[in-house]
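# A closer look at the structure
Each chain is listed here by its residues.
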Amino acid sequence: MGVALFEKIQEIRAIYPEGTQSALLPALRLAQEEYGWLSPDALREVADALDVTPAVCKSVASFYDQFHLEPVGEHLVEVCTNVSCALYGAQQVLEAFQDELGCRAGETSDDGKVTLSTIECLGGCGWGTIVAVDHHYRTGVKPEDAAAIVKELS
Amino acid sequence: MTDHVTLTIDERTVTVPKGTGLVETAQAAGIEIPVFCYEPRLGPPVGACRMCLVEIEGMPKLQAGCTLTAQEGMVVRTARTSPLASEGQNSTLEFILVNHPLDCPVCDKGGECPLQDLTFRYGPGNTRMTFDKRTQEKPIPLSPTIALDRERCILCYRCTRFSESVSEDNDLVPLNRGANTVIGTFEDQPYRSRFSGNVVELCPVGALTSTQYRFEARPWDIQESPSVCGLCPVGCNISATTREGKVKRIQSRNHPQIDEGWLCDKGRFTYGHLTAADRIKTPLLKGEAGFEPLEWDDALDQAETLLRAGGDTVVTAFSGTESTEQAYALGRLLRAGLGANGAVLPEEIPTALDAYRAPLSSIRDATTIVILTRDLVADRAPIVDLWVKAARRNGATILTEIPEEKLEDAVLISDNAAHAAWLAQDIDAKSAFYLPRTPNGRGVADAWSAAGDGEASNEEPRVVIVSGDDAAADPAVRALAAGADFVIGIGLFQESFEGLADLVLPATSYLERDGTTVNLEGRVQRQRRAVIAPCPDELAWISKLAERFEVEVSPHASLAFEEISGRIYGGVSFAEIGEQAPLPPAAEKGAPVPAPKPVQVPVADGLRVIRYRPLFSGPVVDRVPEVEFQKADHEVGMNPADARERGVIDGDMVTVNSRGNFHRFKARIVRDLPAGTVRLSTYAEGDLTEFVAVRK
């Protein structure tokens, strides 16, 4: 496993200028694809492959909502809570999902199936509230839609 | 005047060189632009804190002054003359203080805190916030030496920029995003860097504080003594903070040619050795049940008797931690009083190297640097490593092998004095730095030669004087001492001399004495007494002892220095050295130096072990538990390629074995290490042979 990831990261590294950290984001994505989330050991592997410190990897990975520093469920529900969606009632949508899943934002449902999180603007401000279900956008989501979406995923 | 620009700041006209930052330009005009995050030593400005807001004619909004450079004809208004800028800075401070706790009365930074000072001068006198402030767990140990208080952090990124762009350890980073950003390390591991303590000094608030200094003193009841660090040959300029006769902390005292205001953690955090449990305070005589304390008069009688027994066979082994004056005083006593000219000097530095003398800061501007050292530069002379890193960031080429051709622009850094003297001539280097093993080995050698000029006796030494704890730990010195009838020790710590010496006389530490020290550049610097030693000064009792041999030795460091200086330093006085010592000019290039014999590198199966002396080692470090975590005795340094071949990544536990002996070490990837070798501390397990196998 480790060797394959190392090789893949080297391929990516080769297309970016030497001495920069440009390859870090795609390398973190590769590691996340490989392991599902970025565990401390996964971050150490990326660090080793790119000749940077694990701290730098963690710094970058923790900046982006798209990287998971905790294990995630089979499915991912991300609720946009930025200004436009907030005006559409994103908070209520989020709370509806919390009730349905029995977990709070940033956590995974007890059965390990669904991870719920908030996310920064997804660029669908005209069609709020935007909820990304496994990276596919649902537009105009209302609190009462939460139950159906959760059912879909179970 | 094309290289200068003229502009107006608060109606004052000022002319500065092109490219000067606005903060410095204002300073030149006698005007303050207040800052938190701005610190030119950390690389380009980031404009993170917004404290430096100024109004600039023609620009619609307030600008961050620290990110701008002076332009011809610019009209700048600071908070002094611009209500807009004043309002901007006031609001910035109000924002910074939204979540900053009002715990100044119990904060170590209180009284010397830029946030406190600038709030008084530029900030709101009151708060409009009625909600609770955000709280965090505090303080968190960032390491055993540094405490992190995240509530107080204003996210100026000084500390993380230091970690990224100065020490380049990249282990202290910002985590998360926006308002949730915190400073931290990977998986809350201790922030472990040779230079970590600098972030405490950089922090403009009380977020990063020293655990040793925590609650120890207040800025208004302390004194500062300007001195020079005595723990490595760099000789960083320090300020020792004392309260009620005790050293409470060590801070940097920026000497731009030597240290640029940085210190290593060894220099900053190991002053605790002054109060070590086994500190020697009175003379000790070996008795049947170990050492017994002795009255000073009896001790001098004993010393006289032993020295007379040794006569001209007495050999003195120095540590290189002595002040130049102490070494000189001992030299006068022994050479003039007994004709005992035998000495074990820690360093021999060829005078040919003086022709390649340059300030350490010149390394930063080098285009090519040749580094030929067995130990990492950072372990021998930590601050030199920072200069090399600065040069590398400026685009310098770093070579680690002997170059084939002449390199007129090259700076040579070596830990082999004779080789360096030859190579500097051979490649026609611009400058050369020899990294001595000991802090003042150079001054000690100078002093010994200034003290007399007879030849050493050919007889086996009947008495050996072991001066300093480092000499006492040196196997070669111990072997020499074992063959003598009597051994006189002079040192700080009792344990160093147990089973070694018959008579031990107490020594002072570099923080407890006046004197001079010569750093690796050849710069003579002054150390000042920050605190009174728990024992008399060496010069006092050496002087008394010398009287018995009819030799006049001054008990005063200034007079001793005058004598030395008259003989070898061109008569320069204590006062002329001052608080920021100048560098003597480079000498004329002398006669060619013969090429040294090449060293044969043995070859065998496995990885060759290079034993090295880590920065965090030695008798002083061993007595300061807070820096224990910095020790590298349980680590093995590996070249990246060798590590990859074995599936090892940084931080993995590995087994190192040779001929049936095996030990577990934490692997550390060391990029500068030659392939086919591993690095082990000299204090790591000793039963491993020269070639080892490593596996995960």
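Owing to the predicted nature of the structure, the values given are computational and were not obtained by experimental measurement. (Residues numbered from 1 in each chain as written. Chains lettered and ligands numbered in written order. Predicted model: local features only at pLDDT ≥ 70, side-chain atom pairs only at ≥ 80, totals over all residues. Heavy atoms only, no water.)

### Side note on the domain arrangement of chain B
Residue and element names in this part refer to chain B. Structurally, chain B comprises domain 1 (2-95), domain 2 (131-273), domain 3 (297-346 + 438-575), domain 4 (350-432) and domain 5 (605-693). Each of domain 2 and domain 3 was reduced to a C-alpha centroid, and the two centroids are 35 Å apart. If you look at the interface, domain 2 gives 25 residues, while domain 3 gives 19 residues. Here domain 2 and domain 3 share an interface that buries about 1,700 Å² over both sides, 59% of which is from carbon and sulfur atoms. On inspection of domain 2 and its partner domain 3, the count reaches 0 salt bridges. Our count for the domain 2 to domain 3 interface comes out at 9 residue pairs in polar contact (both at pLDDT 80 or more). Of all the secondary-structure elements, those providing two or more residues to the side of domain 2 that touches domain 3 are β11 (223-228), β12 (237-243) and β13 (246-252). When grouped by side-chain class, the residues that make up the side of domain 2 that touches domain 3 number 13 nonpolar, 11 polar and 1 charged. (Domains from an automatic or database assignment. Contact = heavy atoms within 4.5 Å. Buried area = accessible area lost by both parts, 1.4 Å probe. Salt bridge = Lys/Arg side-chain N within 4 Å of Asp/Glu carboxyl O. Polar contact = N/O pair within 3.5 Å; in protein donor to acceptor, adjacent residues only side chain to side chain. Helix = DSSP H or I, 4+ residues; strand = E, 2+ residues; numbered from the N terminus. Nonpolar A, V, L, I, M, F, W, Y, C, P; charged D, E, K, R; others polar.)

### As for the sheet that holds strand β5 (residues 75-77) of chain B
Residues and elements named next belong to chain B. On the basis of which strands lie adjacent, the open sheet formed by 5 strands has the order β2-β1-β5-β3-β4 and mixed pairing. The open sheet is flanked by β2 (12-17) and β4 (63-64), the only strands paired with a single partner. Here strand β1 (residues 4-9) runs beside β2; their pairing, made up of 6 bridges, is antiparallel. Bridge pairing links V5 to V16 in β2. Sheet strands touched by helix α2 (residues 83-96): β3 (53-56) and β5. Its angle to β3, the strand with the most contacts, is close to 160 degrees. (Pairing = 2+ DSSP bridges. Axes fitted to C-alpha atoms, helices over the stretch in contact; angles between N-to-C directions.)

### A short note on the side chain of S62(A)
Structurally, the position occupied by S62(A) is in helix α4 (residues 54-63). Of the polar contacts made by the side chain of S62(A), one reaches the backbone nitrogen of N176(B); its length is 2.8 Å. Aside from chain neighbours lying at most four places away, what touches S62(A) is L69(A), L175(B), N176(B) and R177(B).

### Observations regarding the interface of chain A and chain B
A common way to report how large an interface is uses the accessible area buried once the components associate. Counting residues at the interface gives 18 residues for chain A and 16 residues for chain B. Interface of chain A and chain B: buried area, both sides summed, is about 1,700 Å²; carbon and sulfur atoms make up 54% of it. Applying the counting criterion to the chain A and chain B interface returns 6 salt bridges. When the shortest N-O distance is used, the salt bridge between K58(A) and E187(B) registers 3.1 Å. Put simply, chain A and chain B have 10 residue pairs in polar contact (both at pLDDT 80 or more) between them. Counting only elements with at least two residues in the side of chain A that touches chain B, the list comes to α3 (40-50) and α4 of chain A. If you tally residues by element for the side of chain A that touches chain B, the top one is α4(A), at 7 residues. Class assignment for the residues of the side of chain A that touches chain B results in 8 nonpolar, 3 polar and 7 charged.

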